[in-house]
Amino acid sequence: MAFSSDVVSIEKNGAIGTLWLDRPEKFNALTPELWAAIPVALNELAADADIRAIIFAGRGRHFCAGIDLMAGGLDAEHAKQAPSEAVANLNQLGFTTAFQEAISSLAKCQLPVIAVVHGYCLGAGIDLITACDVRISAADGQFGVRETRIGLVADVGTLQRLPKIISAGHMAELAYTGKDINAARAEKIGLVNDVYEDFDSTYAAAMEMAHTIAANPPLAVRGTKFILQQSEDLTTEQSLLLNGLFTLMTSLKSNDMHETMQAFGEKRPPLYTGS
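Residues numbered from 1 in each chain as written. Predicted model: local features only at pLDDT ≥ 70, side-chain atom pairs only at ≥ 80, totals over all residues. Heavy atoms only, no water.

Under an unreviewed UniProt entry, the protein chain has the name Enoyl-CoA hydratase-related protein and belongs to SAR92 clade bacterium H455.

Okay, here's the thing in structure tokens:
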């Protein structure tokens, strides 16, 4: 059955899929329904053999204003309904783990994911974009690790992924102060790759990047993301061994590699099938 949701939507344009946070009237603030729909939408796109890259964006004026505290975003009802504090804590941990896994689905997706930010990207919005492969922003982008300001320790990805994107000093400043920074500062510290004039030009840039990715042999792109993912937890020597074995078993044996060589010899554009 095709994916359907009231708060997340997907769009397919040739080889490019877009996953939209689709709760614009609430600035795409995350509710359990919204974040739970993200991995389902990603699976729908990744399962389509024609899709080779994904854009992740938000409808309306803002990308994501964080967790919707007024709509069960922290799931406080678990504590009220549980028969003991111990059970309440276990329930809350299970809820948090499910939330973490929903965010991690972006990082685990086998296809490259490009985040397009405009307006607010606060709190859980940072969790979302740090799980993506590439981040670009409109000039009006506002970024903030807001959890500290409301008495929380960010617990669904920011403290684990953001230190791998920006330096330790910038990480500490953002996390300890909870202050917001604009798109120009985000670009300066490496949180985003590039900044564009407005949402339309940012989305167009993401689409251009996605098409460039999609023009490459699909198995090579997926394999590259796989090695990057696995290498985070391996030594250099272990990663090199995995890389060599993976390339031996996939890229060097693929029809696409053969097509590259044949197209080069025949002086024509290659036609990749992902096989």
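Undergrad: Describe the overall build of the protein chain, naming the residues involved and giving the relevant values.
TA: Check the secondary structure of the protein chain and you find eleven helices and nine strands. A compact globule built from 275 residues would reach a C-alpha radius of gyration of about 19 Å, and the protein chain, at 20 Å, matches this within 12%. For the protein chain, the C-alpha atoms occupy an extent of roughly 70 × 45 × 45 Å along the three principal directions. A buried classification covers 43% of the 275 residues belonging to the protein chain. Accessible area for the protein chain stands at about 13900 Å²; split by element, carbon and sulfur atoms hold 57% of it. Between the averaged position of the 21 positive side-chain charges in the protein chain and that of its 32 negative side-chain charges there is a distance of 3 Å. (Helix = DSSP H or I, 4+ residues; strand = E, 2+ residues; numbered from the N terminus. Rg over C-alpha atoms; globule rule 2.2 N^0.38 Å. Buried < 20%, exposed > 50% of the residue type's maximum accessible area, 1.4 Å probe, protein only. Areas by Shrake-Rupley, 256 points an atom, 1.4 Å probe, with all protein chains shown as cover. Lys, Arg positive; Asp, Glu negative; His and termini not counted. Charge placed at Lys NZ, Arg CZ, Asp CG, Glu CD.)

Undergrad: I'd love a proper account of unusual backbone geometry, names of residues and values included.
TA: For Phe27, which is not glycine, the phi dihedral falls at a positive 55 degrees. Mapped onto the fold, Phe27 is located in the loop between strand 2 (16-21) and helix 1 (32-46). Despite not being glycine, Asn28 has its phi angle at roughly 55 degrees, a positive value. Owing to a relative accessible area of 0%, Asn28 belongs among the buried residues under this scheme.

Undergrad: Mind laying out the pairing of strand 1 (residues 8-13), listing which residues take part and the relevant values?
TA: Consecutive side chains of a regular strand alternate in pointing toward one face of the sheet and then the other. Of the pairings in the sheet, the one linking strand 1 to strand 2 comprises six bridges and is antiparallel in character. Paired with Ile10 across the two strands is Leu19, which belongs to strand 2. (Pairing = 2+ DSSP bridges.)

Undergrad: Kindly report on the layout of surface pockets, identifying the contributing residues and their values.
TA: Looking at the largest pocket, its volume works out to about 640 Å³. Forming the walls of the largest pocket are 22 residues, and the residues nearest its centre are Ala107, Ala131, Asp133, Gln229 and Glu232. Where the lining of the largest pocket is concerned, the elements lending two or more residues are helix 3 (85-108) and helix 9 (218-231). Among the elements that make up the lining of the largest pocket, the one with the highest residue count is helix 3 (six residues). Considered as a void within the structure, the second largest pocket measures approximately 270 Å³ in volume. Around the second largest pocket, the lining comprises 15 residues; the ones closest to its centre are Ala65, Gly66, Ile67, Arg146 and Ile150. (1 Å grid on protein atoms, 1.4 Å probe; cavity = no way out; pocket = protein on both sides within 12 Å on 5 of 7 lines; lining within 4 Å. Points joined across faces, edges and corners; volume = space filled by probe spheres on them.)

Undergrad: If you had to explain the pattern of salt bridges to someone new, which residues and values would you point to?
TA: This structure, assessed with the given rule, holds twelve salt bridges. With its nearest N and O atoms 3.9 Å apart, the salt bridge here joins Arg149 to Asp180. One end of the pair, Arg149, is in the loop between strand 7 (142-144) and helix 5 (158-161); the other, Asp180, is in strand 8 (residues 180-182), with 31 residues separating them in the sequence. Judged by its relative accessible area of 49%, Arg149 is partly exposed. Glu173 serves as the salt-bridge partner of Arg185, at 3.0 Å between the closest nitrogen and oxygen. Pair noted here: Arg185 is in helix 7 (residues 183-188) and Glu173 is in helix 6 (residues 168-177), with a separation of twelve residues, a long-range link. Overall, the relative accessible area of 23% leaves Arg185 in the partly exposed class. Assessed through its relative accessible area of 25%, Glu173 is described here as partly exposed. Salt bridges sharing common partners tie together Lys12, Glu44 and Asp48. (Salt bridge = Lys/Arg side-chain N within 4 Å of Asp/Glu carboxyl O.)

Undergrad: With reference to specific residues and values, describe the sheet that holds strand 4 (residues 113-117).
TA: Within the open sheet, the six strands sit side by side as 1-2-3-4-6-9. Their pairing is mixed. The open sheet has two edge strands, strand 1 and strand 9 (195-196), and neither has a second partner. Across the sheet, helix 1 is in contact with strand 1, strand 2 and strand 3 (53-58); its angle to strand 1 comes to roughly 20 degrees. (Contact = heavy atoms within 4.5 Å. Axes fitted to C-alpha atoms, helices over the stretch in contact; angles between N-to-C directions.)

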